[in-house]
Amino acid sequence: MRIPLIAGNWKMNTTVAEATELVHDMLEKLDKIEGVDRILCPPFISLAVVGELLKGSSIKLGAQNMHFEAKGAYTGEISPLMLTSLCEFIILGHSERRWYFGETDEIVSKKVKAALSSGLKPILCVGERPEENEAGRTEEVVSKQINCGLSGIASCPDIVIAYEPIWAIGTGRAASGEGAAATIKFIRTCLASLWNKDIAQGLRILYGGSVTSNNITEFVSQPEIDGALVGGASLKAEEFVSIVSQTAAIKRQPV
Ligand code: 13P
């Protein structure tokens, strides 16, 4: 049984004061929802403060990126060693990192290895660009991202995959539930070839891209989809709580 998971990726939003306020606004309700893992991923500078606020709650914390080296002359970077005492999860290979900051599959793979060996749980993001989608190249693109991103890595139940088609991110144009489920099913076959079927069946795969409280049920009612990586809608307390509680209600029902 895969435990559903909803993660909020705040991206480059919220000052420390705004992050504090956002957590205050959602903490009590979010904490009470059972049956779904809930993760908040604020900017680096708010990790410590948000971590303090979440202490004693069932909500987990994640970071949005990291360098693969433990330390050194990498001005402005944050290392896995700095994160392990602060958070449990780490988003890696987000398309905004790949396309705005030139992260290659090779870099992403080094980051996944570094995360696992430091005890951080990676949320590895994959997804195709609009032109790749239109050219029918989605499977080719995501299989390369999965195979390269996880190459040389022993299977680990802590790895989470997020399928985020780039054309759906921040556009208000979400994928269809069926379309997302089909690609996620394909990703599971890639994981089965890389490791084995049982491991692939056990790993959680999320959908991300314009998820809101109005469309979350379309995704989580698909048995293949284990939850969502939420951007914009995770910055509104009520909206995020609603996404998580609808997920809990749907995934609680026997299939
Ligand atoms: P939006 O939910 O704002 O489309 O962002 C999705 C995303 O990139 C989450 O990582």
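Each value, and the rule that gives it
- Residues numbered from 1 in each chain as written.
- Predicted model: local features only at pLDDT ≥ 70, side-chain atom pairs only at ≥ 80, totals over all residues.
- Heavy atoms only, no water.
- Helix = DSSP H or I, 4+ residues; strand = E, 2+ residues; numbered from the N terminus.
- Buried < 20%, exposed > 50% of the residue type's maximum accessible area, 1.4 Å probe, protein only.
- Contact = heavy atoms within 4.5 Å.
- Lys, Arg positive; Asp, Glu negative; His and termini not counted.
- Salt bridge = Lys/Arg side-chain N within 4 Å of Asp/Glu carboxyl O.
- Polar contact = N/O pair within 3.5 Å; in protein donor to acceptor, adjacent residues only side chain to side chain.
- Phe/Tyr/Trp six-rings, centres within 6.5 Å; stacked < 30°, edge-to-face > 60°.
- Lys NZ or Arg CZ within 6 Å of the ring centre and 35° of its normal.
- Core = buried A, V, L, I, M, F, W, Y, C linked by side-chain atoms within 4.5 Å.
- Pairing = 2+ DSSP bridges.
- Axes fitted to C-alpha atoms, helices over the stretch in contact; angles between N-to-C directions.
- Patch = residues over 30% accessible without salt bridge, like charges linked within 9 Å, V, L, I, M, F, W, Y side chains within 5 Å.
- Areas by Shrake-Rupley, 256 points an atom, 1.4 Å probe, with all protein chains shown as cover.
- Near = heavy atom within 4 Å.
- Right-handed = clockwise from strand over helix to strand, strands pointing away.

Participant: It is not clear to me how the side chain of arginine 188 should be interpreted in this structure. Could you clarify?
Facilitator: Note on placement: arginine 188 falls in helix H8 (residues 177–194). The exposure class of arginine 188 is buried, given its relative accessible area of 3%. When sequence neighbours within four positions are dropped, the list of residues in contact with arginine 188 reads Arg2, Ala200, Gln201, Leu203, Ile205, Glu224 and Asp226.

Participant: Which parts of the structure should I look at to understand the side chain of arginine 38?
Facilitator: One can find arginine 38 in strand E2 (residues 37–41). Although buried, arginine 38 forms no salt bridge, and the nearest oppositely charged side chain, aspartate 31, lies 4.5 Å from it. A polar side-chain atom of arginine 38 sits 2.8 Å from the main-chain carbonyl oxygen of valine 36. Here serine 58 takes part through its side chain, which lies 3.0 Å from a polar atom of the side chain of arginine 38.

Participant: Hey, could you run me through unusual backbone geometry in this one?
Facilitator: It is generally the case that most residues other than glycine have a negative phi and that most peptide bonds are trans. We note that lysine 11 has phi near 50 degrees; this positive angle belongs to a residue other than glycine. Here lysine 11 is to be found in the loop between strand E1 (5–9) and helix H1 (16–32). Positive phi outside glycine occurs at serine 210, with the angle close to 55 degrees. One can find serine 210 in the loop between strand E7 (204–208) and helix H10 (216–220). A residue is classified by how much of its surface remains accessible, and serine 210, at 17% relative accessible area, is buried.

Participant: What am I meant to see in the packing of aromatic side chains here?
Facilitator: Any two aromatic rings considered together are summarised by their centre-to-centre distance and by the angle between their planes. Within this structure, the stated rule accounts for one aromatic pair. A cation over an aromatic ring shows up here: arginine 97 above the ring of phenylalanine 101, its NZ or CZ 4.2 Å from the ring centre. Above the face of the tryptophan 99 ring, arginine 129 is positioned so that its terminal group lies 3.5 Å from the ring centre.

Participant: Would you mind showing me how to read the nonpolar core here?
Facilitator: Buried together is how nonpolar side chains tend to be arranged in soluble globular proteins. Leu150, Ile161, Leu191 and Tyr207 are the most contacted members of the largest nonpolar core, which has 65 residues in total. The greatest single-element share of this core, amounting to seven residues, is contributed by H8. Excluding anything up to four places from it in sequence, leucine 191 contacts Ile146, Leu150, Ile161, Asn196, Ala200, Leu203 and Ile205. Core analysis: the second largest hydrophobic core is formed by 12 residues, Leu5, Cys41, Ala162 and Leu229 among them.

Participant: Help me understand the sheet that holds E1, please; the structure alone is not making it clear to me.
Facilitator: Sheet strands pair via backbone hydrogen bonds, and the direction of the pair is either parallel or antiparallel. An order of E1-E2-E3-E4-E5-E6-E7-E8 is seen for the eight strands of this closed barrel, with the pairing classed as parallel. Across the sheet, the axes of successive neighbouring strands diverge by a mean angle of 25 degrees, strand direction being ignored. In this structure, strand E3 (residues 60–63) lies alongside strand E4 (residues 89–92), joined through two bridges in parallel fashion. Its bridge partner lying in E4, alanine 63 is registered against isoleucine 90. Seen against the sheet, helix H11 (residues 237–252) touches E1, E2 and strand E8 (227–230) and runs at an angle of roughly 165 degrees to E1.

Participant: I tried to follow a nonpolar patch on the surface on my own but got confused; where do I start?
Facilitator: Side chains of Trp99, Tyr100 and Phe101 sit close together on the surface and give an oily, nonpolar patch of about 400 Å² of accessible area. Within the fold, tyrosine 100 resides in helix H4 (residues 95–100). For tyrosine 100, a relative accessible area of 64% puts it in the exposed group.

Participant: Explain the site of the ligand here, please?
Facilitator: All residues adjacent to the ligand are Asn9, Lys11, His94, Glu164, Ala168, Ile169, Gly170, Gly209, Ser210, Leu229, Gly231 and Gly232. One of the side-chain nitrogen or oxygen atoms of lysine 11 is found 2.8 Å away from an oxygen atom of the ligand. Between the ligand and serine 210 there is a distance of 2.7 Å, counted from an oxygen atom to a backbone nitrogen or oxygen. Expressed as a share of its isolated accessible area of 310 Å², the protein-covered part of the ligand is 94%.

Participant: Just checking my understanding: could you explain the pairing of E3 for this structure?
Facilitator: Each regular strand displays side chains that alternate between the two surfaces of the sheet. Pairing of E2 with E3, which is carried by two bridges, proceeds in the parallel orientation. Each residue of the ladder has a partner; that of leucine 40, found in E3, is leucine 61. For the crossover that starts at E2, traverses helix H2 (residues 47–54) and ends in the parallel E3, the hand is right-handed.

Everything listed here is a matter of geometry and, on its own, says nothing about what the molecule does.
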